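Structural description and commentary
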Protein chains: 4
Amino acid sequence: MAVRAAVAGASGYAGGEVLRLLLAHPEVEIGALTGNSNAGQRLGALQPHLFPLADRVLQETTADVLAGHDVVFLALPHGQSAAVAEQLGPDVLVVDMGADFRLKDAADWEAFYGSPHAGTWPYGLPELPGGRAALEGSKRIAVPGCYPTAVSLALVPAYAAGLVEHEAVIVAASGTSGAGKAAKPHLLGSEVMGNMSPYGVGGGHRHTPEMIQNLSAAAGERVAVSFTPTLAPMPRGILATCSARTVPGVSAETVRAAYEKAYADEPFVHLLPEGQWPQTAAVYGSNAVQIQVAHDEATGRVIVISAIDNLTKGTAGGAIQSMNIALGLDETTGLSTIGVAP
Amino acid sequence: MAVRAAVAGASGYAGGEVLRLLLAHPEVEIGALTGNSNAGQRLGALQPHLFPLADRVLQETTADVLAGHDVVFLALPHGQSAAVAEQLGPDVLVVDMGADFRLKDAADWEAFYGSPHAGTWPYGLPELPGGRAALEGSKRIAVPGCYPTAVSLALVPAYAAGLVEHEAVIVAASGTSGAGKAAKPHLLGSEVMGNMSPYGVGGGHRHTPEMIQNLSAAAGERVAVSFTPTLAPMPRGILATCSARTVPGVSAETVRAAYEKAYADEPFVHLLPEGQWPQTAAVYGSNAVQIQVAHDEATGRVIVISAIDNLTKGTAGGAIQSMNIALGLDETTGLSTIGVAP
Amino acid sequence: MAVRAAVAGASGYAGGEVLRLLLAHPEVEIGALTGNSNAGQRLGALQPHLFPLADRVLQETTADVLAGHDVVFLALPHGQSAAVAEQLGPDVLVVDMGADFRLKDAADWEAFYGSPHAGTWPYGLPELPGGRAALEGSKRIAVPGCYPTAVSLALVPAYAAGLVEHEAVIVAASGTSGAGKAAKPHLLGSEVMGNMSPYGVGGGHRHTPEMIQNLSAAAGERVAVSFTPTLAPMPRGILATCSARTVPGVSAETVRAAYEKAYADEPFVHLLPEGQWPQTAAVYGSNAVQIQVAHDEATGRVIVISAIDNLTKGTAGGAIQSMNIALGLDETTGLSTIGVAP
Amino acid sequence: MAVRAAVAGASGYAGGEVLRLLLAHPEVEIGALTGNSNAGQRLGALQPHLFPLADRVLQETTADVLAGHDVVFLALPHGQSAAVAEQLGPDVLVVDMGADFRLKDAADWEAFYGSPHAGTWPYGLPELPGGRAALEGSKRIAVPGCYPTAVSLALVPAYAAGLVEHEAVIVAASGTSGAGKAAKPHLLGSEVMGNMSPYGVGGGHRHTPEMIQNLSAAAGERVAVSFTPTLAPMPRGILATCSARTVPGVSAETVRAAYEKAYADEPFVHLLPEGQWPQTAAVYGSNAVQIQVAHDEATGRVIVISAIDNLTKGTAGGAIQSMNIALGLDETTGLSTIGVAP
C-alpha cells in the first residue's frame, strides 16, 4: 500500500524539488499540496517543470488539509514548522526541511535565529556516525541545511578519525536556488549572472552552529569553524572547500584510507579516484555527493572538497533518503546518483 | 529478459545522454560502450555525472565490440554511421542519432552534407502523422535533428490542418550542447556566456532540408522554410519561435482547436493552457515538449513556440522513445515529463 | 563650461548606465541624483560599480532638486515623466528614457499603455532618415525603446530603399536588465539562468507600435510587424533577427549595397564584413551596433541581424548621443564603440 | 608626443584586454599587433569587440615587427617572453604579462614551471610596499598573476602590520577567461555553465609561490599559503576569500585601521564601508579592487575578501598602471574605477 505524502510549501524551490523526487518514488502517492500565498493556483503555473502535477491546485496550509497523510514534508519559512507539526499527531512522519529542529543547543538557536528554540528532532544525515540508527522508526526528522550537508560529509571522516586539528576553514559556493524563490533585488538574474559575491562573512551565517554541532560530535570535542559562503552564478549546486591542519603523524595515505573506509559502503557518497575533482555539474539533480581529498605537505593541511546539489542531497533528496530509513524502505528508493549534464 | 544495448560514441554529449536515460530504463541492460579517441579510458573521467557506469572502460568502435546486442545506439560524427550499421546485421535494432539516414532526397543530402547519400531509415518522430506506424517493428531508426524536432512539433499541426500558407519563418535559440563536445574556440565558456549569436543564417543550416521534408509532408506540398539558429548562453534547451500567415477564414479558435486535437493523446507534447508560455528550463532533462500558439490579428500570422531539451527529446530521449515503439514496449518506458528546475 | 546634468531614477539600471557613461563624458558634470524609494541612501550601496559616485546620496525626485541643471535625464517608470518634465522649464534639456513621448499616435499609446497620451517629443535615434535634424537644438528628447532601436537599425535601410515587402517578422532575444531592477519572481537568477522564454507573443509587446512607426516612416506606408521578444540568460544585450520578403528584382548585391550606403558614415553602426555575424558580447557596454544581412534565395527573404547593448545604445548611450546632438557637441563625445569582452 | 605601443599576442584574452584599455589611453598610439598562429588575419574577426582596430592585420611575432616602439606588451605563453625581450634592446619598455619574470627564487620557478629560470624583473603591483619605487623608470616589468594580485592586495596589509600568523588559507573563484582562449574540452561553455569546479588543489597551482613571495616580503619571514583555485561560471572576475589567525591583542578595530591606512591614498583599491561586501560584478571591466575585512571572534581569524577583474586589474590594467609609473605618467591615466554592471 502506497505511502501517502503531503507537501506544505509546494510552490517554493524545496517544495518543488521534493515533488520532483516523489514523482519518481515507487512507494509514494502524492496527496495534498499547500502554499499560503499561492493557495488556489494551479501547480502548473508555479512549477511548470512538474508536468504530471500541472492540474493540481494548491490549498491553504492547515492541519485539516495535511491530516490523513502518512508523511508530511514541511517546506516552510524558518519558525513556522513547530506550529504545524504540533497539530499533525505523533503517528504522522513529519519531515521538516526548515531549520527549526536541527540544533541541539537552545542558546545557539536563539543567537542565530532570534526566536525561542522549538526543540530538536532526529537529524536527517544518515551518513553521520550513528546517523541511520537515529532515523529508524522515527516520526520526526530535521533535514540538515544544504551547507552543513556538504561540509559535514567533507570533514566528518577526518574528525572522526582524529586526523586534524579542531579548527576548520571552509569556503563554499552555492547556486542561487539556495536563497529561495522570494523575489529580492540582489537575487535578480541581472545581479547574479557574471557575479561571485560573499555573504554572512565572519561567522554570521546560520548554518555555522549546525556545522560545529556535526564536526564536534565527530571529533568528541568542540571544533571551531570559519565559514564563508559565496553566491555563484548558477541555479543549483554547492562546492565546499574545507581544510584543517593535520595532527602529527598523518600522511596523505592515512587521510585517503580514512575516507575510503568511511565511504566504502555509502550509496550516495563517492570518494573520487585520485586526480579527479568534484564539480557541481556532475551531481546536478542527483542525490550523489562527490568528495576528494588532498594533503598539502607544504602547509600541513588536509583539503577536502565536496560537491552536492543543494536542492537534492542538500534538501529534498536528503529528506527522502531519511524518510526511506524512517519508514523501513530501502534507503535509495526513488533516489538517483545520476546527474544531468552537461 | 532484458534488452541489451550498446552505445557507440559514449564519450560525447549525445552518447552520455542516451546512457543517462538508459540507466533509468527498466527493460534495458547497458552493454558495450565505445569511443575511438577515448578508448581505454574510464567513463567516470569522461562522463562524471554517470556514476553507476564510472568504472566502465571505453572500447574501440568495431563490429566485434558492438555485436551481440539487441540495440546499438550510434552517436557518431555525421557520415560514419553507414559503415558501422552495415556490419551489424538485419536483426539488430540500430538507432542512429547522427544525420546520415534522415533525408529522403539524395540531392538535399549531397547539397547540405557534401557526401554521397547513404539512404533513408524510418524517422524517429512518433508524433508525426503516421510516425508510430513507421517505427513499429523497424530495425533501423534515424533519430531527427534537435531543431527539426522542435520545429516540426510546433508547425506540423498547422500544416496538416491546412491553416497556414506554405512559408514558415523560424528563429530558434539552442543551448551549447547542441554544438557537441569537440573543443572549438567560439564554444568556450568565455565566449558563450553573456552572448547571443546567430549562425548558419540565410538557409545554410543542415537541419533546414529536414524541416522542409517534415512540414511539406504534412502540408501535402512544398513548404518554404526561413530558418535562423542562434546560440544561447545555456548548456541545454531549444526555444523555437515559428510563424506563418494564416489562410483566409482561420481564427484563433480554429488554430487552438487544431493543436488541442493534434496533441490530446500525446504523452510527451503539452499544449500549455492559454496565457502560459514554453520555457526551456521547464523541460530541462525531460522528454517533454511545451507548445503554445498565438494568433496575431494585426499581421494575420500564427506564432507557435516550442521548448524542448535538445539532448533529451531532441536527441537521446527521442531515440529511446522510438526504440520503445520499435521493440513493442510502452512508448514512455524509461522516459519522463518531469524537468529539473530551477 | 561644463554641462550640468541631473539623473532622476539613479538607482535603476537605466539610471546607473547613464551615470556610468556620463562619468566618462568630458563635457558633463554630474549634478543631482534622485530616486524616490531609495532617497537618503548612498549610491555606493545601490550602484557599487560606480565607484567615483559612491558617496553621493540620493534625493527625492522633485522639481526643486532637479532645477538648475542644463540637462535632466529621466529614468522613471512609464507614465511619470510628463509631470516632472512640465516643471522643468523650456530651457532645460529633458531626455526621457521612458516610453511616454515616443509614439506619435495617441490611439496607439492608449491601446498599449492604457493611459492618456502625454505627447510626442523629438525621437532620439539619430541614424533614422532625418533623425539628426530633429534633434539639433531640441530641448526635449524621447529616447527609443531598446528593441525598436535594434530593429529599426536593422530594417530601416531595407524599407527606405524599397527592397522588401511591408511585413516584417522579428524575433529578438534580450538580456534580463531590459526588464529592470524591480524584483519579480520570474526574473530571479534561479529562474533565468539556463532558460530561454518568450513573452508578449502575438503582438502584445509595447515596443511593437514604436517599431511600426519607424519602419512605416521609412517605407512611406504602413508596415506590419510580427514581433516576438524572448528573455535570454544574460544580463545585457539584444540580438534581433529580422526578415522580410524581397520585392521583385532585388538581389543579395542590391541589399548589401543599400546597407553599405546607409551606414557608411555612421559612427556607431557597423555593417560587418561578409561572413561575420553580430553577437551581443562584442557590443557589451559599448554604443556600437553590429549588423549583418543575408539574402536567402530559397525563400526570397532578406534576413537582417543586429546586436546592441540594450542599456547602452538601447537606452543610456542613445540618450547621450542624442544629448550631444541637441547641445551641439560632437555626437560621439563620451561614447565608445569598444565592447568589454570576453 | 605619443607613446607608441606594440602588443605581441594580440589575439588572446590578455592581448585583447590590453588593446581595449590602450584604445582609451590618451598618451598611447597603438602600433604593431602580432599573433603567430593568427598572423595575416584581421583583428576584427578575432576580437570583434575592438571595433576601432577591426581592420588591423596581425603580423608574426618577430623582433623586426616589434622594433621601433616605445613599449612592447608581451601576452605570450609562459616561457616565450625571454627570447623576445632579449632582442628588444634596453631602451624599450617591455611589459610581460606572462609568468616568466615574476619569481625571485629560481628553485621555485623550476619546481612549478619545469624550465630554467629566465630572471626577475621589477614587479608590477604598485600597491605593494615599495612597489612604485621599483617601477619608476624601469624598462622591464613583470605583471603579476591574476590570483596573486587579488590575494596580495587582500592580505599584505595584515602581514605588513604584523596582525596575523604566518599561515594563510585562500580559496578563490575565477572567471573562465583566466584559463585563456586555447580551446580545451573542460572549458567549453557546456561544461562551465552551471558548474563550480576546483583545480590545482593541494598547493599545485603555479601562482602559489608568487603569493608566498609577496606575503613573505610583507611579513618579513616566510608565510605558508594554502591556496585552492576554483573555476566559476562567468567570463571574468576573481573573488578571493583569504583568512589567517590573528596574533594576540588584535581586535576588529586594529584590523580595520590597518586596512584604512594602507589603502587611504590608493586610487584603485577601495576598502568598502562596513556592511558592504566585494562582488566581481562591481569591478567588471574596471581596474578597481574591492576589499572588505571581517574579524571572526569565535575563531580568532581575520577574513579578507577581495574582488578584481582578472583581465583588467589582474592582467592588462595592472600592466598599464605599471607602464604609466615606469614612463612617468600619472598612474591612473587611461584607467577607470567604473565597472560595467549589471
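What counts and what doesn't
- Residues numbered from 1 in each chain as written.
- Chains lettered and ligands numbered in written order.
- Predicted model: local features only at pLDDT ≥ 70, side-chain atom pairs only at ≥ 80, totals over all residues.
- Heavy atoms only, no water.
- UniProt positions renumbered as here; feature names shortened; annotations may be inferred.
- Helix = DSSP H or I, 4+ residues; strand = E, 2+ residues; numbered from the N terminus.
- Contact = heavy atoms within 4.5 Å.
- Buried area = accessible area lost by both parts, 1.4 Å probe.
- Salt bridge = Lys/Arg side-chain N within 4 Å of Asp/Glu carboxyl O.
- Polar contact = N/O pair within 3.5 Å; in protein donor to acceptor, adjacent residues only side chain to side chain.
- Nonpolar A, V, L, I, M, F, W, Y, C, P; charged D, E, K, R; others polar.
- Least-squares fit on C-alpha atoms with pLDDT ≥ 70 in both.
- Pairing = 2+ DSSP bridges.
- Axes fitted to C-alpha atoms, helices over the stretch in contact; angles between N-to-C directions.
- Buried < 20%, exposed > 50% of the residue type's maximum accessible area, 1.4 Å probe, protein only.
- Phe/Tyr/Trp six-rings, centres within 6.5 Å; stacked < 30°, edge-to-face > 60°.
- Lys NZ or Arg CZ within 6 Å of the ring centre and 35° of its normal.
- Expected span 1.5 Å × (residues − 1).
- Bend = angle between axes of the 7 residues up to and from the residue.
- Core = buried A, V, L, I, M, F, W, Y, C linked by side-chain atoms within 4.5 Å.

Taken from the UniProt record, the annotation "domain: Semialdehyde dehydrogenase NAD-binding" (unreviewed entry) applies to residues 4-136 of chain A. For residues 4-136 of chain A, the helix share is 28%, the strand share is 15%, and the end-to-end C-alpha distance is 19 Å.

In this complex, chain B contributes 30 residues to the contact, which on the side of chain A involves 30 residues. With both sides pooled, the region where chain B packs onto chain A buries about 2400 Å², and carbon together with sulfur makes up 65% of that total. On the chain B side of the contact with chain A, B:His49, B:Ile338 and B:Pro342 bury the most area, a combined 27% of that side's loss. Here chain B is connected to chain A by zero salt bridges. The tally of links between chain B and chain A comes to 10 residue pairs in polar contact (both at pLDDT 80 or more). Of all the secondary-structure elements, those providing two or more residues to the side of chain B that touches chain A are α1 (13-22) and α2 (43-46) of chain B. It is α1(B) that contributes the most residues to the side of chain B that touches chain A, three residues altogether. When its residues are assigned to classes, the side of chain B that touches chain A shows 16 nonpolar, 10 polar and four charged.

This part is about the relation of the copies chain B and chain A. For the pair chain B and chain A, the best superposition has an RMSD of 0.0 Å and corresponds to a rotation of 180° with a translation of 0.0 Å parallel to the axis. In short, the pair behaves as if placed about a two-fold rotation axis. The fraction of interface residues of chain B whose copies in chain A are also interface residues reaches 100%, indicating that both copies meet through the same surface.

This brings us to the sheet that holds strand β4 (residues 93-96) of chain C. Residues and elements named next belong to chain C. In space, the five strands of this open sheet follow the order β2-β1-β3-β4-β5, with parallel pairing throughout. Each end of this open sheet is capped by a strand with a single partner; those strands are β2 (28-34) and β5 (140-142). Here the strands of the sheet are splayed against their neighbours by 20° on average, with no regard to which way each runs. Against the sheet, helix α1 (residues 13-22) touches β1 (3-8), β2 and β3 (71-74), its axis set at about 160° to β1. In this fold helix α11 (residues 312-327) packs onto β1, β2, β3, β4 and β5, with an angle of close to 155° to the strand it touches most, β3.

As a further point, take the pairing of strand β2 (residues 28-34) of chain D. The side chains of a regular strand alternate between the sheet's two faces. All names here are of chain D. Counting buried positions over the seven residues of β2 gives six, a clear majority of the element. Strand direction decides the pairing type here: strand β1 (residues 3-8) and β2, joined by five bridges, are parallel. Paired with Ala8 across the strands is Thr34, a residue of β2.

Here the focus is the interface of chain A and chain D. Often, the extent of an interface is quoted as the loss of accessible area on bringing the components together. At the interface, 39 residues of chain A touch 39 residues of chain D. Around 3200 Å² of area is buried between chain A and chain D when both sides are counted, 65% of it from carbon and sulfur atoms. Linking chain A with chain D are four salt bridges, by the criterion used here. Here D:Glu167 and A:Arg301 are joined by a salt bridge, their closest N and O atoms 3.0 Å apart. The tally of links between chain A and chain D comes to 13 residue pairs in polar contact (both at pLDDT 80 or more).

A separate point is the sheet that holds strand β9 (residues 238-245) of chain C. Residue and element names in this part refer to chain C. Pairing in this open sheet of seven strands is mixed, and the strands run β7-β8-β6-β9-β12-β11-β10 from one edge to the other. Of all the strands in the sheet, the pair left with one neighbour each is β7 (197-198) and β10 (269-271). Relative to strand β12 (residues 301-308), β9 is paired through eight bridges, and the arrangement is antiparallel. Across the sheet, the residue bridging to Ser243 is Ile303, located in β12. Sheet strands in contact with helix α7 (residues 146-160) are β6 (167-174), β8 (224-231), β9, β10, β11 (289-296) and β12, and its direction is about 35° off that of β9. Seen against the sheet, helix α9 (residues 208-219) touches β6 and β8 and runs at an angle of roughly 135° to β8.

The next subject is the relation of the copies chain A and chain D. Take chain A, turn it by 180°, move it 0.0 Å along the axis, and it overlays chain D with an RMSD of 0.0 Å. Most of the interface of chain A is mirrored in chain D: 100% of its interface residues are interface residues there too.

On to the packing of aromatic side chains, then. Within this structure, the stated rule accounts for 18 aromatic pairs over all chains. Summarising the aromatic geometry, the rings of C:Tyr259 and C:Tyr263 are spaced 6.4 Å apart at their centres and angled 55° between planes, so their arrangement reads as tilted. Taken together, the positions of C:Tyr259 and C:Tyr263, both in helix α10 (residues 252-263) and four residues apart, correspond to about one turn of that helix. Overall, the relative accessible area of 0% leaves C:Tyr259 in the buried class. Ring centres of D:Trp109 and D:Tyr113 lie 4.0 Å apart, and the angle between their planes is 10°; on these two criteria the pair is classed as stacked. With D:Trp109 and D:Tyr113 both in helix α5 (residues 106-113) and four residues apart, this pair spans about one turn of that helix. The residues D:Trp109 and D:Tyr113 share a single accessibility class, namely buried. When the ring centre of B:Tyr284 is taken as reference, the NZ or CZ atom of B:Arg236 above it lies at 5.8 Å.

Moving on: the side chain of A:Gln47. Residues and elements named next belong to chain A. When you line up the elements, Gln47 lands in the loop between α2 (43-46) and α3 (63-66). On the basis of relative accessible area, Gln47 is assigned to the buried category, the value being 3%. A polar contact is formed between the side chain of Gln47 and the backbone oxygen of Gly12, at a distance of 2.8 Å. Other than its neighbours up to four places away in sequence, Gln47 contacts Ala10, Ser11, Gly12, Gly16 and Lys181.

Let us look at the pairing of strand β1 (residues 3-8) of chain A. Residue and element names in this part refer to chain A. The buried fraction of β1 is high, at five of six residues. Examined bridge by bridge, β1 and strand β3 (residues 71-74) share four bridges and lie parallel to one another. Across the sheet, residue Ala8 finds its bridge partner in β3, namely Leu74.

Residue and element names in this part refer to chain D. For helix α7 (residues 146-160), spanning 15 residues, the distance from its first C-alpha to its last is 21 Å, which sits close to the expected 21 Å at 1.5 Å a residue. At Ser152, α7 is deflected by roughly 35°, the largest bend along its length. Of all 15 residues in α7, 14 are buried; the element is thus mostly enclosed. Immediately beyond the C-terminal end of α7, within one or two residues, lies Gly162, with a positive phi of roughly 70°.

As a further point, take the nonpolar core. Generally speaking, nonpolar side chains in soluble globular proteins are found buried as a group. All names here are of chain C. Core analysis: the largest hydrophobic core is formed by 43 residues, its most contacted members being Leu155, Tyr159, Ile170, Tyr259 and Ile291. Examining the composition of this core, we find that 10 residues originate from one element, α7, more than from any other. For Ile170, the residues in contact, after removing those within four places along its chain, are Val151, Leu155, Met211, Val225, Ser226, Phe227, Thr228, Thr241 and Cys242.

This part covers the pattern of salt bridges. Pairs may arise between side chains of opposite charge once their charged atoms sit close together. For the coordinates displayed, the defined rule picks out 52 salt bridges over all chains. A salt bridge links A:Glu17 to A:Arg20; its shortest N-O distance comes to 2.9 Å. Taken together, the residues span about one helical turn, with A:Glu17 and A:Arg20 both in helix α1 (residues 13-22) at a distance of three residues. Classification of A:Arg20 by relative accessible area gives buried; the value is 11%. C:Asp309 serves as the salt-bridge partner of C:Arg236, at 2.9 Å between the closest nitrogen and oxygen. Here C:Asp309 lies in the loop between β12 and α11 and C:Arg236 lies in the loop between β8 and β9, a separation of 73 residues in the sequence. Beyond isolated ion pairs, a larger network of salt bridges with shared partners links A:Glu17, A:Arg20, A:Arg236 and A:Asp309.

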